[in-house]
2 protein chains.
Amino acid sequence: MSEDGMQMQEFSPRQGVVLECALRLLVDGGEKALTTAGVARAANCSKESLYKWFGDRDGLLASMISFQQSKVRTFERDGERLTAENFRDHLEIFAHDLIEVLAGDVSLALNRLAIGQASRDGSKLGGLLVERGRRQIERRARALLEAGRRAGFLRFDDADEAYHTLYGLIVSDLHVRLLLGEKPEIDATRRGRKAVSAFLRLHGRNLGEGDASL
Amino acid sequence: MSEDGMQMQEFSPRQGVVLECALRLLVDGGEKALTTAGVARAANCSKESLYKWFGDRDGLLASMISFQQSKVRTFERDGERLTAENFRDHLEIFAHDLIEVLAGDVSLALNRLAIGQASRDGSKLGGLLVERGRRQIERRARALLEAGRRAGFLRFDDADEAYHTLYGLIVSDLHVRLLLGEKPEIDATRRGRKAVSAFLRLHGRNLGEGDASL
DNA sequence: CGATCAAAGTACCGTACGGTACGGTTCCTA
DNA sequence: TAGGAACCGTACCGTACGGTACTTTGATCG
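Let us look at the structure shown here.

**Considerations on the interface of chain A and chain B**
Counting residues at the interface gives 36 residues for chain A, matched by 36 residues for chain B. Here chain A and chain B share an interface that buries about 3,200 Å² over both sides, 62% of which is from carbon and sulfur atoms. Per-residue buried area on chain A facing chain B is highest for Ile115, Leu180 and Leu202 of chain A; these three make up 20% of the total on that side. A salt bridge links Asp173 of chain A to Arg134 of chain B; the nearest nitrogen and oxygen atoms lie 3.6 Å apart. Linking chain A with chain B are four residue pairs in polar contact (both at pLDDT 80 or more). Contributing elements (two or more residues each) for the side of chain A that touches chain B: α6 (105-116), α7 (125-150), α8 (159-171), α9 (174-179) and α10 (188-203) of chain A. Among the residues forming the side of chain A that touches chain B, the class breakdown is twelve nonpolar, eleven polar and 13 charged.

This is the structure in structure tokens:
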């Protein structure tokens, strides 16, 4: 019947409120708490409307992911010129943002949801998360890396590999630990600074003495 | 089959077989497929026995994790002396093993299970996984790092930080991508070698010219 | 005002699962 | 050979959830 193509439909305000309630339920109680009756009760809407708007439960889950990511939409601030001073800042800001995003409760809840459904065959939720969420961040990082190389601040052969290195230095096993339920205190700024420092020791060039400290 | 003596003190052989069947079900069909009736059918045992042995469903899940990790028991091969030539090998072997473990289907299934239950209050599954599984690997890596430092091959201030750096360089976002259902081809040896190379560029010392290549 | 339409609220249905109970079978032991 | 323990297979129960249908409310418009 309905082709669920890649059209990223916008949701009506009412639907947005409902999806917000659903996200709230998911964050608070996990997937188990995300029942159709529960969403309907929390959002003061009818189950029939839920099924009319989102098709079925899986459609609701997918809509929640799309909705959330349509809100978070990464804003690229690449207007200014790159200098030796602010390039490191750009990297550190990226690292900070990445940590904050990954550690956000909504992000964690959605990732848990997608991972829980990953074993199912047609789940598509993991794909949605990766496609719409992760790729955004990856593109932003890659643009930054390429700009740094063009400006002479970075040296690397494979941009893919450089990105993975940066990501690993920033995140390490933090994401999985958070997903498993650990709640460590995170100093995103400090952590990001150290990661960027290590990354620049690996790939930095013409950045002054800063890349040798620590 | 072969009696190992020190193997499975907690579970009888029959229970081990049942847990094996349960793990198989979990790997194949995810948590949804792991029903008490399903396990009983697959293992040719009665539901009553399941509840007698493991208490309830959560007890079964916890037992599956304990059982699996009692099998995998990381074997430390630190008998030989460290030399400049084989220290790098040790690191690369560790990296290779780490990737293989994380990418194993049973490991992925159990991690998905624990992550799915992480939002629940008393889940403890994530704690079990971290405690029994991750800590093992962490101890092995840390012993290796400390030995490398004592032998003069490594230089770092904070062993914790050095370990996280090594882990991040090896794994990056691979683990989460696997958990989300992506199935990339992984060359564990190659990936490990690159990670170790970068790690040694950051923290290596007195290792000849190898750490400057690539 | 009366018609219409969207949506809330509720009742309902089928199913699937966790957990329990019970009869039948095997095997060990006195 | 009798008794008992362990255990299998199955039937059963209560509940909870996904999904559907029906009734009611309330707003818009001719």
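**Considerations on the packing of aromatic side chains**
Residues and elements named next belong to chain B. This model, assessed by the stated rule, comprises nine aromatic pairs over all chains. For the ring pair Phe11 and Phe67, a centre distance of 6.1 Å and an interplane angle of 80 degrees mean the geometry is edge-to-face. With Phe11 in the segment before α1 (13-29) and Phe67 in helix α4 (residues 57-72), this residue pair connects regions lying 56 residues apart in the sequence. Residue class for Phe11 comes out buried when judged on its relative accessible area of 11%. Relative accessible area serves as the criterion here: at 1%, Phe67 is assigned to the buried category. One aromatic cluster in this structure is built from Phe11, Trp53, Phe54 and Phe67.

**Here we look at the packing of helix α1 (residues 13-29) of chain A against helix α4 (residues 57-72) of chain A**
Residues and elements named next belong to chain A. The interhelical angle for the contact between α1 and α4, taken along N-to-C directions, is 100 degrees, at an axis separation of 10 Å. The angle between α1 and α4 places the two elements in the roughly perpendicular class. Residues Gly16, Leu19, Glu20, Ala22, Leu23 and Leu26 of α1 form the contact with α4, whose participating residues are Leu60, Ser63, Met64, Phe67, Gln68 and Lys71. Its residues placed into classes, the contact of α1 with α4 shows seven nonpolar, three polar and two charged.

**Overview of empty space enclosed by the protein**
Here the structure, examined in full by the defined rule, presents four cavities of 30 Å³ or more. The calculated volume of the largest cavity comes to roughly 80 Å³. Taken together, Ile115, Gly116 and Ser119 of chain A together with Leu26, Gly30, Glu31, Ala109, Arg112 and Leu113 of chain B make up the lining of the largest cavity. Secondary structure elements with two or more residues in the lining of the largest cavity: α6 of chain A together with α6 (105-116) of chain B. For the lining of the largest cavity, the leading source of residues is α6 of chain B, giving three residues. Across the lining of the largest cavity, the residue classes tally to four nonpolar, three polar and two charged.

Basis of the calculations
Residues numbered from 1 in each chain as written. Chains lettered and ligands numbered in written order. Predicted model: local features only at pLDDT ≥ 70, side-chain atom pairs only at ≥ 80, totals over all residues. Heavy atoms only, no water. Contact = heavy atoms within 4.5 Å. Buried area = accessible area lost by both parts, 1.4 Å probe. Salt bridge = Lys/Arg side-chain N within 4 Å of Asp/Glu carboxyl O. Polar contact = N/O pair within 3.5 Å; in protein donor to acceptor, adjacent residues only side chain to side chain. Helix = DSSP H or I, 4+ residues; strand = E, 2+ residues; numbered from the N terminus. Nonpolar A, V, L, I, M, F, W, Y, C, P; charged D, E, K, R; others polar. Phe/Tyr/Trp six-rings, centres within 6.5 Å; stacked < 30°, edge-to-face > 60°. Buried < 20%, exposed > 50% of the residue type's maximum accessible area, 1.4 Å probe, protein only. Axes fitted to C-alpha atoms, helices over the stretch in contact; angles between N-to-C directions. Parallel < 35°, antiparallel > 145°, perpendicular 65-115°, else oblique. 1 Å grid on protein atoms, 1.4 Å probe; cavity = no way out; pocket = protein on both sides within 12 Å on 5 of 7 lines; lining within 4 Å. Points joined across faces, edges and corners; volume = space filled by probe spheres on them.

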